[in-house]
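Results of the structural survey
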Amino acid sequence: QVQLVESGGGLVQAGGSLRLSCAASISRFSINAMGWYRQVPGKQRELVATITSGGSTNYADTVKGRFTISRDNAKNTVSLQMNSLKPEDTAVYYCNAELLRGGLVFSGYWGQGTQVTVSS
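This is a predicted model, so every value here is computed, not measured.

The rules behind the values
- Residues numbered from 1 in each chain as written.
- Predicted model: local features only at pLDDT ≥ 70, side-chain atom pairs only at ≥ 80, totals over all residues.
- Heavy atoms only, no water.
- Helix = DSSP H or I, 4+ residues; strand = E, 2+ residues; numbered from the N terminus.
- Polar contact = N/O pair within 3.5 Å; in protein donor to acceptor, adjacent residues only side chain to side chain.
- Contact = heavy atoms within 4.5 Å.
- Phe/Tyr/Trp six-rings, centres within 6.5 Å; stacked < 30°, edge-to-face > 60°.
- Buried < 20%, exposed > 50% of the residue type's maximum accessible area, 1.4 Å probe, protein only.
- Disulfide = S-S within 2.5 Å.

Time to look at the side chain of Asn96. You can see Asn96 is positioned in strand E9 (residues 91–101). At a separation of 3.3 Å, a polar atom in the side chain of Asn96 contacts the main-chain carbonyl oxygen of Tyr109. If near-sequence neighbours (up to four positions away) are discounted, Asn96 is found in contact with Leu4, Ala33, Met34, Gly35, Tyr37, Gly108, Tyr109 and Trp110.

In structure tokens form, the structure reads like this:
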């Protein structure tokens, strides 16, 4: 069974900061990549940032220099530090995990989402 639980969303003024966290509960799997995606009503879910088990990161251009993704492999957690937030960062943020077992990759695991609202 796989469960991803996000926390840390909320309301913040433009220019402020928030930190999102995601804890993965897994059995008989190991975690490959983890990441954060976001979605606003009427639009497709979009990548925010990803991080591999080795620590390689990838960011959307819109958040580079403002957001930082990190993970704790021992605790199966991933975090997203969001600084200099803008109203256009308002969205539901989803944690994502790509799992490994027996040399196979299993993707498409999502958390329930956490709302981030940035007021102008």
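On to the packing of aromatic side chains. Within the structure shown, the criterion is met by three aromatic pairs. The interplanar angle of 80° and the centroid separation of 5.5 Å between the aromatic rings of Phe29 and Phe106 together place this pair among those described as edge-to-face. Of this pair, Phe29 sits in the loop between strand E3 (18–26) and strand E4 (30–39) while Phe106 is found in strand E10 (residues 104–110), placing the two residues 77 residues apart along the sequence. The buried category is assigned to Phe29, whose relative accessible area is 19%. Look at Tyr37 and Trp110: their rings are 5.1 Å apart centre to centre, the planes differ by 75°, and that puts the pair in the edge-to-face class. Highlighted residues: Tyr37 in strand E4 and Trp110 in strand E10, separated in sequence by 73 residues.

We now examine the state of the cysteines. Considering all chains together, one arrives at one disulfide under this definition. One disulfide bridge connects Cys22 with Cys95, the sulfur atoms lying 2.1 Å from each other. Between Cys22 and Cys95 the disulfide shows an S-S torsion of about -80°. By sign, it is left-handed. One end of the pair, Cys22, is in strand E3; the other, Cys95, is in strand E9, with 73 residues separating them in the sequence. Judged on exposure class, the residue Cys22 and its partner Cys95 are both buried.

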